[in-house]
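Here's the letter readout for the chains.
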Amino acid sequence: MGTYLITGATGGIGGATAELLRDRGHELILTGRSPERLAAVQQRLSGGAHARTQEIRQVNSDHASGSGARTATDTRVTTLPLDLAAPRRLEAALAVAGLPARLDGLVYAAGVAHLDKVVDTETDEWIEHLSVNLVSAAELTRLLLPALRAARGQIVYVNSTAGLRANPRWAAYAASKWGLRALADSVRAEEPEIRVTSFFPGRTATEMQRRVRAQEGASYDPSEFASPESMARTVVAALETPRDAEVTEITVRPRP
Ligand SMILES: NC(=O)c1ccc[n+]([C@@H]2O[C@H](COP(=O)([O-])OP(=O)(O)OC[C@H]3O[C@@H](n4cnc5c(N)ncnc54)[C@H](OP(=O)(O)O)[C@@H]3O)[C@@H](O)[C@H]2O)c1
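Rules of the game
- Residues numbered from 1 in each chain as written.
- Predicted model: local features only at pLDDT ≥ 70, side-chain atom pairs only at ≥ 80, totals over all residues.
- Heavy atoms only, no water.
- Buried < 20%, exposed > 50% of the residue type's maximum accessible area, 1.4 Å probe, protein only.
- Helix = DSSP H or I, 4+ residues; strand = E, 2+ residues; numbered from the N terminus.
- Pairing = 2+ DSSP bridges.
- Right-handed = clockwise from strand over helix to strand, strands pointing away.
- Axes fitted to C-alpha atoms, helices over the stretch in contact; angles between N-to-C directions.
- Parallel < 35°, antiparallel > 145°, perpendicular 65-115°, else oblique.
- Left-handed = near helix turned anticlockwise from the far one by under 90°.
- Contact = heavy atoms within 4.5 Å.
- Nonpolar A, V, L, I, M, F, W, Y, C, P; charged D, E, K, R; others polar.
- Core = buried A, V, L, I, M, F, W, Y, C linked by side-chain atoms within 4.5 Å.
- Near = heavy atom within 4 Å.
- Polar contact = N/O pair within 3.5 Å; in protein donor to acceptor, adjacent residues only side chain to side chain.
- 1 Å grid on protein atoms, 1.4 Å probe; cavity = no way out; pocket = protein on both sides within 12 Å on 5 of 7 lines; lining within 4 Å.
- Points joined across faces, edges and corners; volume = space filled by probe spheres on them.

Novice: Now, about the pairing of strand 7 (residues 195-201): what can you tell me, with residues and values included?
Specialist: Residues in a regular strand point their side chains to alternate faces of the sheet. Counted residue by residue, strand 7 has seven buried out of seven residues, so it is predominantly covered. Residue alternation in strand 7 divides its side chains into two sets, Arg195, Thr197, Phe199 and Pro201 and Val196, Ser198 and Phe200, and both sets are buried. Note that strand 6 (residues 154-158) and strand 7 share five bridges and pair parallel. Bridge assignment links Gln154 to a residue of strand 7, and that residue is Arg195. In this fold, the crossover linking strand 6 to strand 7 by way of helix 5 (residues 171-190) has right-handed handedness. Sheet analysis places strand 7 next to strand 8 (residues 249-252), joined by four bridges and oriented parallel. For Phe199, the partnering residue across the bridge sits in strand 8 and is Ile250.

Okay, here's the thing in structure tokens:
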């Protein structure tokens, strides 16, 4: 069994990925902004297929309430609150958490999307998109590379079709995702022991999509989009590709 760190684990695609990996018996380190939302995901996952094997324990109980504390009610599912809008703080947070020496996979599924024309996009919007969607992905990669190298592990960066095409009102989001693709390509070229996947999903029925539709002035009907479970299956398929092959890029579009 492996150990996987998932960002955006409180979200649609990240949460569904966590569930599939949990069902396979892997150890999970779930990250998100809110300790309460993370605890709810942890509880949901702890009620799953492996519930009978759980034991109660607390990791780093001295720091249990603050950012960077890792808490566990299950040896296989721990949580780590991280604010990815503040990439400079990640190193200290991970140092407090005490991450594993070996990491089989990083799934970077956190992300933000706010739509605006360039003429209306203020600096803080650019900074938030670039921080959450790109700079923190680079910083987490840097910090976790020793553990990923030790396990000959894998990274899946959840990108977007906006990382392939920049449409009107999507400049900040698309720029962050184009950058994320560049990050993936560079890490793949620099780290021969680590497999790196850029995953480009189309519109998916999650909270992010509900908000995007509101910003587009359109109604939100989840059945018009791919489910987060379908997207998560693609992530896990990339992770489970035999070691003599590497999924470098994969695009999945919704079919109504
Ligand atoms: N949904 C789509 O149509 C779609 C399409 C293409 C690509 N994607 C990409 O897929 C990935 C997952 O998105 P989703 O659709 O699953 O959206 P989602 O349900 O809204 O989840 C987004 C996740 O990102 C986390 N996040 C946001 N800001 C954060 C911050 N400052 N610090 C830490 N975590 C933060 C959220 O945590 P909180 O719970 O704290 O908010 C949540 O876990 C994103 O990279 C997105 O760009 C989505």
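Novice: Tell me about the packing of helix 3 (residues 90-97) against helix 4 (residues 123-150), and please be specific about residues and values.
Specialist: Look at helix 3 against helix 4: their axes get within 10 Å of each other, and the N-to-C directions meet at 40°. Judged by the angle between their axes, helix 3 and helix 4 are oblique. Handedness of the crossing formed by helix 3 with helix 4: right-handed. Of the residues in helix 4, those touching helix 3 at Leu90, Glu91 and Leu94 are Ser136, Glu139, Leu140, Arg142, Leu143 and Leu144. Looking at side-chain class alone, the contact of helix 3 with helix 4 contains five nonpolar, one polar and three charged residues.

Novice: Give me the lowdown on the nonpolar core, citing residues and values where you can.
Specialist: In terms of nonpolar packing, the biggest core is built from 30 residues, with Leu144 and Tyr157 touching the most fellow members. Among the elements of the structure, helix 3, strand 5 (105-108), helix 4, strand 6 and helix 5 are those that each provide at least two residues to this core. Tallying contributions element by element places helix 4 first for this core, with eight residues. Those residues within four positions of Tyr157 in sequence are excluded, and the remaining contacts are Tyr108, Ala137, Thr141, Leu180, Leu183, Ala184, Val187, Val196, Thr197, Ser198 and Phe199. Val156, Ala232, Val236 and Leu239 belong to the second largest nonpolar core, which has 25 residues in total.

Novice: Which residues make up the site of the ligand, and what values do they have?
Specialist: Near the ligand there are 29 residues, and of these Thr10, Arg33, Arg37, Tyr173 and Thr206 occur at the shortest range. In the model, an oxygen atom of the ligand is placed 3.2 Å from a nitrogen or oxygen of the Gly111 main chain. Take Lys177: an N or O atom from its side chain is 2.8 Å from an oxygen atom of the ligand. At the level of elements, helix 1 (12-23), helix 5 and helix 6 (207-215) are the ones that each hand at least two residues to the shell around the ligand. The leading source of residues in the shell around the ligand is helix 6, at three residues. Of the residues that constitute the shell around the ligand, the class distribution is twelve nonpolar, eleven polar and six charged.

Novice: Just give me the short version of the environment of Tyr220, but keep the residues and values in it.
Specialist: Assignment of secondary structure puts Tyr220 in the loop between helix 6 and helix 7 (228-239). Remark: the alpha-carbon pair of Tyr220 and Ala205, spanning 15 residues in sequence, is separated by 8.8 Å. One polar contact links the side chain of Tyr220 to the main-chain amide nitrogen of Thr206, over a distance of 3.4 Å.

Novice: Tell me what's going on with the layout of surface pockets, and back it up with residues and numbers.
Specialist: By volume, the largest pocket amounts to about 1100 Å³. Around the largest pocket, the lining comprises 44 residues; the ones closest to its centre are Gly111, Val112, Ala113, Thr206 and Met208. Of all the elements in the fold, those that place two or more residues in the lining of the largest pocket are helix 1, strand 2 (27-32), helix 4, helix 5 and helix 6. Of the residues forming the lining of the largest pocket, the biggest block, six residues, is contributed by helix 6. Of the residues belonging to the lining of the largest pocket, the class tally is 16 nonpolar, 19 polar and nine charged. What the second largest pocket holds in volume is close to 160 Å³. Considering the residues around the second largest pocket, the lining is formed by Tyr4, Asp104, Ala151, Arg152, Gly153, Gln154, Arg195, Leu239, Glu240 and Arg243. Residue composition of the lining of the second largest pocket, by class: three nonpolar, two polar and five charged.

That is the geometry; function is a separate question.
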